[in-house]
Amino acid sequence: MKNFYILLSLFAWIPMVQAQRILVINGTAHIGNGEVVETAAIGMADGKILFVKNALTNAIQRKEWDTIIDAENQHVYPGLVAANSTLGLTEIDAVRATRDFNDVGELNPHVRTQVAFNVESKVIETVRTNGVMLTQATPRGGIISGSSAVMFLSGWNWEDATVLADDGIHVNWPASTQGGGWWAEPAPKSRNTNYQKEKEEIMDFFTLAEVYAKGAKSVEDLRLEAMKACFDGTKRVYFHADGMQQILDIIEFVEKFHLKYPVIIGGYEAHMVGQRLKDAKIPVMLNRVHMLPEREEDDVNLPYAMPALLQKQGILFCLQNAGDMEAMNARNLPFQAGTAMAYGLSEEEALQSISLNACKILGIDKEYGSIEPGKSATLFISKGPALDMKTNQVSTLIFHGQLVTSENFQFKLYQKYKKKYQGK
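Residues numbered from 1 in each chain as written. Predicted model: local features only at pLDDT ≥ 70, side-chain atom pairs only at ≥ 80, totals over all residues. Heavy atoms only, no water.

Another aspect to go through is a negative patch on the surface. A contiguous patch of negative charge on the surface is contributed by Glu106, Glu198, Glu200, Glu201 and Asp204. The class of Asp204 is exposed, set by a relative accessible area of 54%. (Patch = residues over 30% accessible without salt bridge, like charges linked within 9 Å, V, L, I, M, F, W, Y side chains within 5 Å. Areas by Shrake-Rupley, 256 points an atom, 1.4 Å probe, with all protein chains shown as cover. Salt bridge = Lys/Arg side-chain N within 4 Å of Asp/Glu carboxyl O. Lys, Arg positive; Asp, Glu negative; His and termini not counted. Charge placed at Lys NZ, Arg CZ, Asp CG, Glu CD. Buried < 20%, exposed > 50% of the residue type's maximum accessible area, 1.4 Å probe, protein only.)

Below is the structure:
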């Protein structure tokens, strides 16, 4: 059978192409677990990776493949993961009707982002153009915001896009201090006098939920039903917290309720209690790297160096991008890893912080996060190193063995007006 070579130009207009057997050859494969394979051959079939090996030292039977992609002088990466993001849950932040991540009420563990995820989002198109292929669609607001879900940035509907439904609930831990900050000078930080009361409110709800999970129920409570999986270890508990006091109290809270999979989101002062976090085996989803320091006395480079500080302490961490305009700025995730690389991480460690590490924290690393045999064929090809904004140019996207266009509406508009005005 004659070999079939696919070029990007042939399928750029098609949103999704199913190929049974795909071979990516001659590219530099960044596996995602710290390894790099030069001149790699990556075989995929039925949505799974069959092998990753050096094409020069291993015989490759080209006739066995119905789709061959020559990635010479290009780089192959596992799909990047936007953890703790409202991507897919909002379209225009300034228009309330398009924001579907913040529900009414303070204790909403039963609210599920999975069913609110919008696969038709135009923002998603622009994000996956830079290699971000999975997201943890995360709720916001209240004390307990709801349950997040891990989703593909491709699919016909939210069912089709679901990677892991209801992966964990999100708890917004109260701040132990208030005020202050370099932007609020000369007002210093002060103690939050309501901290103990707010902490006890969370404690009381978890106590009630634990009793409900263990006892016989005559009446079903949707909020408490959503909490049951947190106590049997099948659902994660994500604590949004930054301060050292908050983190220490969360460690005690986790021990009290025997939570199997706790995660800190934010962790601005996590490096100050690194040994405690390491002993407690609590991973951290770090604040966005591209931010200013919280305090006037902090090193201006502290946010950039935070990943390297946690790496040196042996703490499992990943990067995330929560904050202003986070959905559209999720496209900058690889460049945040690039900044972390400039401030202490190696290139492969920086890649892990937005791929395999994120998948380990989310509990999907057996299927995603690295280019290894047996895992999902979810990867992308870039014409240059993907962590550098000057060279990140995605040419091919493969979602679980399906070829998806790397173009978006912004690129199409660029081509349209370029053609119009260059002709004059």
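Having put the structure on the table, let's press on.
Here we take up the packing of aromatic side chains. Tallied over the full model, the rule gives 14 aromatic pairs. When the ring of Phe206 is compared with that of Phe231, the centres are 6.2 Å apart and the planes differ by 75 degrees; the resulting orientation is edge-to-face. Remark: Phe231 occurs in helix 5 (residues 222-231) and Phe206 occurs in helix 4 (residues 195-214); sequence separation between them is 25 residues. Residue class for Phe206 comes out buried when judged on its relative accessible area of 0%. We classify Phe231 as buried; its relative accessible area is 17%. (Phe/Tyr/Trp six-rings, centres within 6.5 Å; stacked < 30°, edge-to-face > 60°. Helix = DSSP H or I, 4+ residues; strand = E, 2+ residues; numbered from the N terminus.)

Pairing is mixed across the open sheet formed by eight strands, whose spatial order is 7-8-9-10-13-14-15-16. Two strands close off the open sheet at either side, each with one partner strand: strand 7 (80-85) and strand 16 (317-319). The mean angle between the axes of side-by-side strands here comes to 25 degrees, regardless of whether they run parallel or antiparallel. Relative to strand 10 (residues 162-172), helix 4 is tilted by about 130 degrees, and along the sheet it contacts strand 9 (144-152), strand 10 and strand 13 (236-241). (Pairing = 2+ DSSP bridges. Axes fitted to C-alpha atoms, helices over the stretch in contact; angles between N-to-C directions. Contact = heavy atoms within 4.5 Å.)

The biggest cluster of nonpolar side chains holds 94 residues, and the ones touching the most others in it are Phe206, Phe239 and Leu277. Beyond its immediate chain neighbours, meaning those up to four positions away, Leu277 contacts Ile247, Ile251, Ile264, Ala270, Ile282, Val284 and Ile315. Among the nonpolar cores identified, the runner-up in size contains 18 residues, and Ile22, Val24, Met44 and Ile381 belong to it. (Core = buried A, V, L, I, M, F, W, Y, C linked by side-chain atoms within 4.5 Å.)

Right, let's talk about the pattern of salt bridges for a bit. Scanning the entire structure with this criterion turns up eleven salt bridges. Among the salt bridges present, the one from Arg140 reaches Glu326, with a minimum N-O distance of 2.6 Å. Highlighted residues: Arg140 in the loop between strand 8 (132-137) and strand 9 and Glu326 in helix 9 (residues 326-329), separated in sequence by 186 residues. For the pair Arg140 and Glu326, one class covers both residues: buried. One salt bridge in this structure joins Glu210 and Lys214, with 3.5 Å as the shortest N-O distance.

Attention now goes to the packing of helix 4 against helix 6 (residues 244-257). Direction vectors running N to C along helix 4 and helix 6 enclose 20 degrees, while the axes themselves pass 12 Å from each other. The angle between the axes of helix 4 and helix 6 places the two elements in the roughly parallel class. As helix 4 packs across helix 6, the resulting crossing turns out to be right-handed. Two secondary-structure elements touch here, helix 4 through Tyr195, Lys199, Ile202, Met203, Phe206, Thr207 and Glu210 and helix 6 through Gln245, Gln246, Asp249, Phe253, Lys256 and Phe257. (Parallel < 35°, antiparallel > 145°, perpendicular 65-115°, else oblique. Left-handed = near helix turned anticlockwise from the far one by under 90°.)

The next point concerns the pairing of strand 13. Remember that side chains alternate between the two faces of the sheet whenever the strand is regular. Of all the six residues making up strand 13, six are buried; the element is thus mostly covered by neighbouring parts of the structure. Two strands pair when backbone bridges link them, and strand 10 and strand 13 are joined in this way by five bridges, in the parallel orientation. The residue of strand 13 that forms the bridge with Asn172 is His240. In this view, the connection linking strand 13 to its parallel neighbour strand 14 (residues 262-266) by way of helix 6 has right-handed handedness. (Right-handed = clockwise from strand over helix to strand, strands pointing away.)

Moving on: a nonpolar patch on the surface. A grouping of Phe409, Leu413, Tyr417 and Tyr421 is seen on the molecular surface, where their side chains present a nonpolar patch of about 400 Å² in accessible area. As for its position among the elements, Leu413 is in helix 13 (residues 409-422).

Next up on the list: the packing of helix 4 against helix 5. Across the interface, helix 4 lies against helix 5 with an axial gap of 8 Å and an inter-helix angle of 80 degrees. The angle between helix 4 and helix 5 falls in the class roughly perpendicular. For the pair helix 4 and helix 5, the contacting residues are Phe205, Phe206, Leu208, Ala209, Glu210, Tyr212 and Ala213 in the first and Arg223, Leu224, Glu225, Met227, Lys228 and Phe231 in the second. Its residues placed into classes, the contact of helix 4 with helix 5 shows nine nonpolar, no polar and four charged. (Nonpolar A, V, L, I, M, F, W, Y, C, P; charged D, E, K, R; others polar.)

Another point: the state of the cysteines. For the coordinates displayed, the defined rule picks out zero disulfides. Cys318 takes part in no disulfide bond, and the closest cysteine sulfur to it belongs to Cys359, at a distance of 9.2 Å. (Disulfide = S-S within 2.5 Å.)

As a further point, take the confidence of the model for the chain. Parts of the model with low pLDDT should not have their predicted coordinates read in detail. Residue-level pLDDT values for the chain average 89, and 93% of them are 70 or greater. The low-confidence segment residues 1-15 (pLDDT under 50) makes 28 contacts with residues lying over four places distant or belonging to another chain. (pLDDT = per-residue confidence, 0-100.)

Along the chain, Lys235 turns up in the loop between helix 5 and strand 13. Comment: no salt bridge for buried Lys235; closest opposite-charge side chain is Asp166, at 5.5 Å. For Lys235, the side chain forms a polar contact with the side chain of Ser147, separated by 3.1 Å. Reaching out from Lys235, the side chain makes a polar contact with the backbone oxygen of Ala226 at a distance of 2.9 Å. If near-sequence neighbours (up to four positions away) are discounted, Lys235 is found in contact with Ser147, Asp166, Asp167, Gly168, Ile169, Ala226, Ala229 and Cys230. (Polar contact = N/O pair within 3.5 Å; in protein donor to acceptor, adjacent residues only side chain to side chain.)

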